[in-house]
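# Analysis of the macromolecular model
Residues per chain, in single letters:
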2 protein chains.
Amino acid sequence: MNEMKTLLQAFNEAPYPVGGHGKRNVRVLQEVLKEIDENLDSDVYGKGDIIEDFQGRMADFLGKESAVFFPSGTMAQQIALRIWCDRKGLPKIAYHPLSHLEIHEEDGLKKLHHIEPILLADKTRVIGLEDIMNLQEDIACLLLELPQREIGGQLPDYQELEAISAYCRERGIKLHLDGARLFESTPYYRKSAAEICRLFDSVYVSFYKGIGGIAGAILAGDKEFVRESKVWKRRHGGDLISLYPYILSADYYFMQRIDKMEQYYNEARELADLYNQCSGVTIRPIEPVSNMFHVHVEVSKEHLESIFVNIYEKTGIGFTRYLQETSENSCYFEVSIGDSYADLPKDRLREAFHLLNQELSILI
Amino acid sequence: MNEMKTLLQAFNEAPYPVGGHGKRNVRVLQEVLKEIDENLDSDVYGKGDIIEDFQGRMADFLGKESAVFFPSGTMAQQIALRIWCDRKGLPKIAYHPLSHLEIHEEDGLKKLHHIEPILLADKTRVIGLEDIMNLQEDIACLLLELPQREIGGQLPDYQELEAISAYCRERGIKLHLDGARLFESTPYYRKSAAEICRLFDSVYVSFYKGIGGIAGAILAGDKEFVRESKVWKRRHGGDLISLYPYILSADYYFMQRIDKMEQYYNEARELADLYNQCSGVTIRPIEPVSNMFHVHVEVSKEHLESIFVNIYEKTGIGFTRYLQETSENSCYFEVSIGDSYADLPKDRLREAFHLLNQELSILI
């Protein structure tokens, strides 16, 4: 008798994954390089047309004076916060308790920059103006993540965002945007990236989420901020002799996908409707405000895994590669819509949801 | 009348550059990817076959328990020093006054890690055992760069190196190898990389110098050291979702060039002889001990530039892309031998040296 397949194995074998842009394999880079003249010169330690042109175009797109390409957002954001803290001579900032910096960076901000974060709001909701007004201490910078990934990609109302921005400016608090998924939230706000960025002093955006590049980030702000961030980029070991594999792919997939964010958003809402019709399933946020949401299911992780493996094998549809336990009898997973969704055979998707609802109805 | 060409323009147009492996253009990466199956999965945040296999093979090659791939040597080395300092509870290390960390990293070691370096030896020679024995303070770690790039790639005698290693072990001082050009120094020492690395507690090697990859580095040491370095790699923002563009090219060019280090070394000695025969030219070191050396010329930078531009245009030979002024009437440049040297038309090279010697003889 065979061991049952793991969820990851079944997902990897399923021909129709629901989220993402397809597999992260070498083809993603090969496709980019096929289009490029072999005589194009590498960037060299932050100089050269490849990097300077892209930085210029991204500064324009984000409505900022200047921009610098970084190998990672982790590096870019720590540096942004460091610059604002040094300017004010106050190593204190505020962000959400589920910020990337707090839970995914091994405390780099604290261990490398000795910056103390104050945690605002709680683990169920986004930061609001009141949280900032209630601060008992002065801070150099407030970091807002739009959308807040770890709670399903929630967004504050745009009016709230404007009020936060105005308040921070008035109080001399710099406002930094963790825009890892900024592009993905523009359709809900019905604003351009530049309009949203205008509310912030510095902005980080990523090129391997909605854009689907290999890796890399842009940090944008005023000229002096960007000049300083290049010095820190060298200190961090991020000023590589060649960043072009990331820049060329960021550029290529940006051009391919930046205008598809509305499509991804609409597809996320369509898919959320299908999940909402299943017993014991709750979507977070209830209605998606970007291309992503979280699916919470009132079934144990182990049980849902076996249900999913069965559905993946029967229908070829892959809902998710992993499940996160929340309690003995509940778990959740993240959905993030990319190119793959439009190519799903819709009859199989319906069948997969039919089977899921059937199984859950028995249990719940 | 046309403006005179700059040295860099003339060099870029010269079909026969003397040093290096050829132009750093996109073809370097395209050549690697042509060989790779498009279905090969990306590494993901330091996991996956692409990165783990390469790390394992490099650990073996360097004779160390474990190894981790870094986007840059700047990041790898700061982290190595930080780990050794934390172990001893003493944020103090020693290195050469022309160490990469002292002159090319915008003081990252000091600004991010608050580690104080003590400068050993002087700007004309490598660190010897006596320098270390004369230290007035305790240090956590000594960093040795083999070969010492900024002074023409000088190396200590191997016996001196063994004595330094023994002394450091006895005194509880960790010994770290800046092996940016370690592979290039193995022919002179007549030792394998692993034999040399045995003298050190931790080792960094680079993949875009003699190896000619795109970027990237390996840091190797014992298992616990490497485990900690992965945590710091994440803190620095170097734990990218995908490092495979660098890893695949490091691997490809390592296989292609690791056995050519002896050839490059012999060619460097041959070329040094040609320079040594020119009036007013001194090679540093007098006889090369790796694939590199510095060429010091007793002529002003401006004057030598015009001589070189003329020779490049007449012969197609490109000696160097830049000159570094040392005084009003002297300058120098670095030579680093790679694949290009073997392909030079030797008659043109002889002609270029004939012209150079002619011009210099008039002047000096």
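Here the residue numbers are simple positions, counted from 1 along each chain's written sequence. Here chains are named by letter from A upward and ligands by number from 1 upward, in the order in which they appear as written. Thresholds applied to this predicted model are a pLDDT of at least 70 for local features of residues and 80 or more for the giving and counting of side-chain atom pairs; totals over whole chains, interfaces and linings are not thresholded and use all residues. By convention in this description, side-chain values take in all heavy atoms of the structure and omit both hydrogens and water.

- The name an unreviewed UniProt entry gives chain A is Threonine aldolase, with Paenibacillus sediminis as the organism.
- UniProt positions are given in the numbering used here, feature names are shortened, and annotations may be inferred rather than shown by experiment. Under the Cofactor (unreviewed entry) heading, UniProt states for chain A: "pyridoxal 5'-phosphate".
- According to the UniProt record, the Sequence similarities (unreviewed entry) comment for chain A reads "Belongs to the threonine aldolase family."

## Things to note about the relation of the copies chain A and chain B
- With an axial shift of 0.0 Å and an RMSD of 0.0 Å, the rotation relating chain A to chain B amounts to 180°. Here the copies are linked by what is in effect a two-fold axis. Scanning chain A for the C-alpha nearest the rotation axis identifies Leu 112 of chain A, at a separation of 2.6 Å.
- A contact between two residues is defined here by any heavy atoms of the two lying within 4.5 Å. A shared binding surface is used by both copies, with 98% of the interface residues of chain A retained as interface residues in chain B. The fit set for superposing copies consists of C-alpha atoms from residues with pLDDT of at least 70 in both; the fit itself is least squares.

## Some points on the sheet that holds strand 7 (residues 202-206) of chain B
Residues and elements named next belong to chain B.
- In this analysis, strands are considered paired if DSSP registers two or more bridges between them. The helix count covers DSSP runs of H or I at least four residues long, the strand count covers runs of E at least two residues long, and both are numbered beginning at the N terminus. If you walk across this open sheet you meet the 7 strands as 2-8-7-6-5-3-4, and the pairing is mixed. The sheet terminates laterally at strand 2 (66-70) and strand 4 (116-119), the two strands that pair on one side only. Ignoring which end each strand starts from, the neighbouring axes of this sheet average 20° apart.
- Direction of pairing for strand 3 (residues 92-95) relative to strand 5 (residues 141-145): parallel, over a ladder of 2 bridges. Opposite Ile 93, over in strand 5, you have Cys 141 as the bridge partner.
- To get an axis, fit a line to the C-alpha atoms, keeping to the stretch in contact for a helix; angles then go from 0 to 180 degrees between the N-to-C directions. This element, helix 8 (residues 158-171), spans strand 5 and strand 6 (174-179) of the sheet and lies at about 165° to strand 5.

## Re the side chain of Glu 334 of chain A
Residues and elements named next belong to chain A.
- Along the chain, the position of Glu 334 falls in strand 13 (residues 330-336).
- Of note is the side chain of Glu 334, whose polar atom sits 3.2 Å from the side chain of His 294.
- Setting aside its immediate chain neighbours within four residues, Glu 334 contacts Arg 149, Met 292, Phe 293, His 294, Thr 320 and Tyr 322. In protein, a polar contact requires one atom able to donate a hydrogen and another able to accept it; more generally it is a pair of N or O atoms within 3.5 Å, and residues adjacent in sequence count only if both atoms are side-chain atoms.

## Let's talk about the domain arrangement of chain A
Residue and element names in this part refer to chain A.
- Throughout, the edges of the domains are those of an automatic or database domain assignment. In terms of domains, chain A is made up of domain 1 (7-20 + 260-363) and domain 2 (43-241).
- When each unit is reduced to the centre of its C-alpha atoms, the spacing between domain 1 and domain 2 is 30 Å.
- Contacts between domain 1 and domain 2 engage 13 residues on the former and 19 residues on the latter.
- Summed over both sides, the interface between domain 1 and domain 2 buries roughly 1,400 Å², with carbon and sulfur atoms accounting for 58% of that surface.
- Each of two parts loses accessible area, computed with a 1.4 Å probe, when they are put together; buried area is these two losses added. Three residues stand out in domain 1 for area buried against domain 2, namely Met 261, Arg 284 and Val 289, and they jointly supply 43% of the buried area on that side.

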